[in-house]
Amino acid sequence: MKVNSFLNKIIENWPTKILCFVVALFLYLFYQISLVEKQTIVIPLSLEQSGGVVLKETVQPSVKVFVKTQSTTAFHAEDLKAVLDLSFLSETGEYDVPVSLTVSDELLAIDPLEIKIKPEKIHVVVEKKSSGAAFVRVPTLGEVKHGYQVQNIQVQPDIVQISGPESIIKNTSFITTDVISLEGLSDTKDLTVKLHNTNKKITVTSQDIINVNVVIEPLISEKVVTGVKPIIQNINPELTVSSVSEELTVNLSGPFLLLENITPSTLISRINLISVTEPGIYEFPVVFDLPSDILVLEQSSSVWKVTLEKVPQIINVQDLNDSAPVSSTALEGIN
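The text that follows walks through the structure, step by step, so that each part is easy to find. (Residues numbered from 1 in each chain as written. Predicted model: local features only at pLDDT ≥ 70, side-chain atom pairs only at ≥ 80, totals over all residues. Heavy atoms only, no water.)

### Brief notes about the overall build of the protein
Of the regular secondary structure elements, the protein holds seven helices and 23 strands. By residue count, 27% of the 335 residues in the protein fall in the buried class. Considering only contacts within the protein whose residues lie at least 6 apart along the sequence, 74% involve residues at least 24 apart. Carbon and sulfur atoms form 54% of the exposed surface of the protein, whose accessible area is close to 22100 Å². (Helix = DSSP H or I, 4+ residues; strand = E, 2+ residues; numbered from the N terminus. Buried < 20%, exposed > 50% of the residue type's maximum accessible area, 1.4 Å probe, protein only. Contact = heavy atoms within 4.5 Å. Areas by Shrake-Rupley, 256 points an atom, 1.4 Å probe, with all protein chains shown as cover.)

### Description of the sheet that holds strand S13 (residues 189-194)
Two strands in a sheet stick together by hydrogen bonds in their backbones, pointing the same way (parallel) or opposite ways (antiparallel). An order of S9-S15-S13 is seen for the three strands of this open sheet, with the pairing classed as antiparallel. Of all the strands in the sheet, just strand S9 (148-156) and S13 have a single pairing partner and so form its edges. Shown here is a sheet whose adjacent strand axes are inclined to one another by a mean of 25°, direction ignored. Relative to strand S15 (residues 209-218), S9 runs antiparallel, the two sharing eight bridges. (Pairing = 2+ DSSP bridges. Axes fitted to C-alpha atoms, helices over the stretch in contact; angles between N-to-C directions.)

### Quick look at the packing of aromatic side chains
Given two aromatic rings, one states the distance between the centres and the angle between the planes to describe the pair. Tallied over the full model, the rule gives one aromatic pair. The residue whose ring lies beneath arginine 137 is phenylalanine 174, and the NZ or CZ to ring-centre distance is 3.8 Å. (Phe/Tyr/Trp six-rings, centres within 6.5 Å; stacked < 30°, edge-to-face > 60°. Lys NZ or Arg CZ within 6 Å of the ring centre and 35° of its normal.)

### A closer look at the environment of asparagine 199
Looking at where asparagine 199 falls in the secondary structure, it is placed in the loop between S13 and strand S14 (203-204). For asparagine 199, a relative accessible area of 26% corresponds to the partly exposed category. Sequence separation between asparagine 199 and threonine 172 is 27 residues, and the spatial gap between their C-alpha atoms is 9.9 Å.

### Section: the side chain of serine 269
Mapping serine 269 onto the fold places it in the loop between helix H5 (256-259) and strand S20 (270-272). Excluding residues that lie within four positions of it along the chain, serine 269 makes contacts with Pro230, Ile231, Val286, Val287, Phe288 and Trp304.

### Some thoughts on unusual backbone geometry
The phi angle of most residues is negative, glycine excepted, and most peptide bonds adopt the trans form. Note that the residue after lysine 118, namely proline 119, is joined by a cis bond; omega there is -5°. Looking at the secondary structure, you find proline 119 in the loop between strand S6 (113-118) and strand S7 (121-137). A cis amide bond links glutamine 156 with the next residue in sequence, proline 157, at an omega value of -5°. With respect to the secondary-structure elements, proline 157 resides in the loop between S9 and strand S10 (159-165). Unlike most non-glycine residues, asparagine 234 shows phi in positive territory, near 55°. Along the chain, asparagine 234 turns up in the loop between strand S17 (231-233) and strand S18 (239-244).

### A few points about the sheet that holds strand S16 (residues 220-228)
Taken in spatial order, the three strands line up as S16-S19-S22 in an open sheet, and their pairing is antiparallel. Edge strands, defined here as strands with exactly one partner in the open sheet, are S16 and strand S22 (295-299). With strand direction ignored, the average angle separating the axes of adjacent strands in the sheet is 25°. In this structure, S16 lies alongside strand S19 (residues 248-255), joined through seven bridges in antiparallel fashion. Note that in S19 the partner of isoleucine 220 across the bridge is proline 255.

Here you go:
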């Protein structure tokens, strides 16, 4: 009788009792879930490529980590480290490589703790590692000062050692540096620049600091000057110049800044007649007063040809009357 009475009490109002049980279970689960701290952390993905292969194609730079725990402690990216280790691979190909996750001791001490990483594996394309050498190129920007030119750009070292995927190394002939400015330079300048390797699949295994010597010199050019005339000096007062050979055309070479100011009037050639006392035709070498930096490449003539004549005598009739009688025939000749 007691057993039957107990069973009757249990099943009495059973719908209500089942409903109360479900509500209690729901409240318990809700309470347990509310105690769980959920965090999503994005952390960088490190690459380990110390084996015989390296990445040929880039992979994602980061992964997501999901952390669940009852602790209210905040988690940080520094507590976790994700590594994609390729060191166990030795042949060119495509692989699905698992991501290795390292957790700090502080985080491991928390209990309970659930950690998931996404993605767990990453598809990679790898190629055998190769090494080689590449020339160093220095890109420039701007113009040197007016009248100057870049004579040479010397680089030290001019070759660097590189490593990376075999196919990429074979097709890499040079590595560039940071851009250097030439704006307004008029003197040789020594600079220090860094290599600017834009291909992240290539690693420079030698030094990445480059010494650059920019050699700046005056710009050398040519100029043709026409209509050049001589300056005649120290002519005998009894002589006069009746003609001079035609004007010269001269081709000059020298610093641009000096040549641009030379005109026919400033290109001076002097003829000194101090030793000439008789009329006649004379030849004088063409000599120019020029700075030592300017050379005469070509000229239309090597001599000046000068024709000299006697200065005409002027006879005063009054002087003749005073000095002696003059025949009518002589006077007619004078008139």
